[in-house]
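Examination of the molecular architecture
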Amino acid sequence: MEIQYRRSASESNFEIIPTPDRKIIKQFLDYETGYLVVMEISTDYPTDTNSYYTLIDPNTGLIISPQARLSSIEGWERTIVDEEHGLQLTSRRTVDLPTGQETLHETLIEIANGKVKSTGESTPFAPEPSPNLLDKYLERQAEKQRNSNWWEEEYAQMSLEEKQGFWLHNTMLQMRFQGESGYDEYAFFTPENYDDWLAKEPEIDQILDFVIENIPDDTETVRAQINQRLGRS
């Protein structure tokens, strides 16, 4: 890409001009830095799968070089402490000089013992704020709690007939998703899943008998294979 500068009587502005060797695939204002981010891919070399990032000051049209960015973020590190949950998130940035791509490195630790709960790498440039690793972890924990509450409260109140319908419906959905994705539709019938189901439902064997019996178009041989996969035979 090239930048063509224009000067009017009232203000200076610029225009981004694509070049034959690269294709512009996205451009946006980064919510954090305020820079205009231009993403490109190479059109000259099919084996080049990199994305190339150019940062531009939207007020002046001046390009912020990767070397300048590297100098500005050298030693950059942020720490967020969540005292309520006893967690600490540490973030740092790196720059790949050949492509201009920046990477956000995040580490989430449990403060009490220093244990690493999660790590992640992502591209920090975005037009809108996105959840950090701490936010994502807390949301996963909240979802687990909501799921646990559902099993303990709503599911526990179901009749046997309602439970059988619930398990049959979800089994058919899972089989359909597996098949439509090109996978073995019976792949989720595993000893590990069986143990998980048993932990949620002590009467799972009786319910599975009903489910397997009512899977449409399955022969006795297939039903036997399902039981074998579950480790029930």
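You'll find the structure just up there.
This report concerns the structure included in the present document. (Residues numbered from 1 in each chain as written. Predicted model: local features only at pLDDT ≥ 70, side-chain atom pairs only at ≥ 80, totals over all residues. Heavy atoms only, no water.)

A short note on the nonpolar core
In this structure, W167, F189, W197, I204, I226 and L230 are the most contacted members of the largest nonpolar core, which totals 19 residues. Those elements that provide at least two residues to this core are α3 (160-180), α4 (191-200), α5 (204-213) and α6 (220-230). Looking at which element gives the most residues to this core, the answer is α5, with five residues. (Core = buried A, V, L, I, M, F, W, Y, C linked by side-chain atoms within 4.5 Å. Buried < 20%, exposed > 50% of the residue type's maximum accessible area, 1.4 Å probe, protein only. Helix = DSSP H or I, 4+ residues; strand = E, 2+ residues; numbered from the N terminus.)

A few points about the pairing of strand β10 (residues 115-122)
Side-chain direction in a regular strand flips from residue to residue, so the side chains alternate between the two faces of the sheet. Both strand β9 (residues 102-110) and β10 contribute to a ladder of seven bridges, which runs antiparallel. From the neighbouring strand, E110 faces β10, where its bridge partner is K115. In sequence, β9 turns back onto β10 through a hairpin of four residues, with G114 there showing a positive phi of about 75 degrees. (Pairing = 2+ DSSP bridges.)

Brief notes about α3
In this model, α3 (21 residues) spans 30 Å end to end at C-alpha, consistent with the 30 Å of a helix rising 1.5 Å per residue. Listed as buried for α3 are K163, Q164, W167, L168, T171, M175 and Q178. Seen from one end, α3 has its buried residues packed into an arc of 130 degrees, which puts them on one side. Exposed and oriented more than 90 degrees from the buried face of α3 are E161 and E180. (Expected span 1.5 Å × (residues − 1). Arc of directions from axis to C-beta.)

Details of the environment of K115
Along the polypeptide, K115 turns up in strand β10. In the structure, K115 is positioned 30 residues away from Q145 in sequence and 22 Å away in space, judged by C-alpha atoms. Among residues more than four places away in sequence, those in contact with K115 are L108, I109 and E110. (Contact = heavy atoms within 4.5 Å.)

Here we look at the pattern of salt bridges
Overall, the coordinates contain 15 salt bridges when judged by the stated rule. With a closest N to O distance of 2.7 Å, R146 and E139 form a salt bridge. By relative accessible area, which is 42% here, R146 ends up partly exposed. A salt bridge links R146 to E143; the shortest N-O distance between them is 2.7 Å. One end of the pair is R146 and the other is E143, both in helix α2 (residues 133-153) and three residues apart, which spans about a single turn. (Salt bridge = Lys/Arg side-chain N within 4 Å of Asp/Glu carboxyl O.)

Observations concerning the environment of P66
With respect to the element layout, P66 can be found in helix α1 (residues 66-73). Take P66: its relative accessible area is 22%, and that puts it in the partly exposed class. With 13 residues separating them in the primary sequence, P66 and Y53 have C-alpha atoms 8.8 Å apart. If near-sequence neighbours (up to four positions away) are discounted, P66 is found in contact with V95, L97 and G100.

Examining the sheet that holds strand β5 (residues 51-56)
Read across the open sheet, the four strands follow the order β3-β4-β5-β6; overall the sheet is antiparallel. Because the sheet does not close on itself, it has two edges, and the strands there are β3 (22-29) and β6 (63-64). Bridge count for β5 against β6 is two bridges, and the pairing is antiparallel. Across the sheet, I56 pairs through a bridge with I63, a residue of β6.

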